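Read off the chains here:
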Amino acid sequence: MQFTKIKKAILGASVVAVVAAGAAFAVDLKTDEAKASYGIGYGFANNMLQQTQGLELDVEAMVQGVEDAFAQADQAISEEDINAAIQALQAKQQAAAMAENAKVAEAAKAEGTAYLAENAKKDGVKVTDSGLQYEVITASGSDVRPSETDNIQVHYHGTLVNGTVFDSSVDRGEPIEFNLGGVIKGWTEGVQLMAVGDKFRFTIPADLAYGDNSPSPTIPAGSTLIFDVELLEIL
């Protein structure tokens, strides 16, 4: 949240008051001045909504601040009180976001635990001491395997346990290169089991993936991840 920008927008745009109070009276939007003013006000309001990210604000108090500023009246609240209120709102929103994230992670972990239990029963699926599950899709016959410090080139296709694809170099048609020690634990452990030319499927528990974090909108917190990985080359 960019509260400093919000505050400046409120104090610097009287048209926001017109937009915010638009339900109370009709505004004639026929003149160029009125149309431009409305557009500026609408833009400021949209900008504030994006910056506050759904945080509830007191519209009447916001309008009062605009009116006081343009009337050059004394500020009704001290800067200290305003800053304290902003910090309190930030803390409130962060706490709500953390609670929601924890709820999502808990549900995803439960779903992942159930999936892992069933997947472990399948023929060909092996489970390491860490809980990583893997199965060999294609074996090249090579005995050349990477170490944790190696740079490698792979093709991969990643899905959630419900089948949703969240990332795929295969779909992009371009393999990816990276250092094996710089990725999630499940990858670092699993790819070292592979030889060049092998293709494995890894089912990675949340604690070997991103844990309670959500690295992107497509991977919820607490997710168990499934990767089909083909080791193309050790660089």
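Attention in this report is confined to the structure presented alongside it.

Cut-offs and rules
Residues numbered from 1 in each chain as written. Predicted model: local features only at pLDDT ≥ 70, side-chain atom pairs only at ≥ 80, totals over all residues. Heavy atoms only, no water. Helix = DSSP H or I, 4+ residues; strand = E, 2+ residues; numbered from the N terminus. Contact = heavy atoms within 4.5 Å. Core = buried A, V, L, I, M, F, W, Y, C linked by side-chain atoms within 4.5 Å. Buried < 20%, exposed > 50% of the residue type's maximum accessible area, 1.4 Å probe, protein only. Phe/Tyr/Trp six-rings, centres within 6.5 Å; stacked < 30°, edge-to-face > 60°. Pairing = 2+ DSSP bridges. Expected span 1.5 Å × (residues − 1). Arc of directions from axis to C-beta. Polar contact = N/O pair within 3.5 Å; in protein donor to acceptor, adjacent residues only side chain to side chain.

## Notes on the environment of glutamate 174
Here is step 1 of the chain: Structurally, glutamate 174 can be placed in the loop between α6 (169-172) and β5 (176-179).
Here is step 2 of the chain: Along the chain, glutamate 174 and valine 154 lie 20 residues apart, while their C-alpha atoms are 9.3 Å from each other.
Here is step 3 of the chain: Apart from residues lying up to four places away in sequence, glutamate 174 is in contact with His155 and Ser169.

## Topic: the nonpolar core
Here is step 1 of the chain: Val154, Trp187, Val191, Phe202, Ile204, Phe227 and Val229 are the most contacted members of the largest nonpolar core, which has 23 residues in total.
Here is step 2 of the chain: Contributions of two or more residues to this core are made by β3 (151-160), α7 (185-191), β6 (199-204) and β7 (225-234).
Here is step 3 of the chain: Residue contacts for phenylalanine 227: discarding those within four places in its chain leaves Tyr156, His157, Gly158, Phe166, Ile184, Trp187, Phe200, Arg201, Phe202 and Ile204.

## A few points about the packing of aromatic side chains
Here is step 1 of the chain: What the rule picks out here adds up to eight aromatic pairs.
Here is step 2 of the chain: Between tyrosine 134 and phenylalanine 200, the aromatic rings sit 5.8 Å apart at their centres with planes inclined by 5°, giving stacked as the arrangement. You can see tyrosine 134 sitting in strand β2 (residues 133-138) and its partner phenylalanine 200 sitting in strand β6, a full 66 residues away along the chain.
Here is step 3 of the chain: On the basis of relative accessible area, phenylalanine 200 is assigned to the buried category, the value being 4%.
Here is step 4 of the chain: What links up through ring pairs into an aromatic cluster is the set Tyr156, Phe166, Phe178, Trp187 and Phe227.

## Remarks on the pairing of β6
Here is step 1 of the chain: Looking at chain direction, β2 and β6 are connected through five bridges and run antiparallel. The residue of β6 that forms the bridge with glutamine 133 is threonine 203.
Here is step 2 of the chain: Taken together, the six bridges between β6 and β7 define a ladder with antiparallel strand orientation. Bridge assignment links arginine 201 to a residue of β7, and that residue is aspartate 228.

## Regarding helix α4 (residues 59-70)
Here is step 1 of the chain: In a regular helix each residue adds 1.5 Å, so 12 residues correspond to 16 Å; α4 covers 17 Å between its end C-alpha atoms and thus fits that length.
Here is step 2 of the chain: Within α4, the full set of buried residues consists of Met62, Val63 and Val66. Along the axis of α4, the buried positions cluster into a sector of 100°, meaning they face one direction only.
Here is step 3 of the chain: Where α4 begins, the capping side chain belongs to aspartate 58, and its oxygen is found 3.1 Å from the backbone nitrogen of glutamate 60.
Here is step 4 of the chain: A positive phi of about 55° marks glutamine 72, the residue just after α4.

## Examining unusual backbone geometry
Here is step 1 of the chain: Of note, the phi angle at glutamine 72 is positive, near 55°, even though the residue is not glycine.
Here is step 2 of the chain: If you trace the backbone, glutamine 72 turns up in the loop between α4 and α5 (79-119).
Here is step 3 of the chain: Overall, glutamine 72 belongs to the exposed group, its relative accessible area being 73%.

## Digging into α5
Here is step 1 of the chain: Here α5 is 41 residues long and its end C-alpha atoms lie 58 Å apart, about the 60 Å a rise of 1.5 Å per residue gives.
Here is step 2 of the chain: Within the span of α5, buried status applies to Ile82, Ile86, Gln93, Ala105, Ala108, Gly112, Leu116 and Asn119.

So yeah, pure geometry; function would need other evidence.
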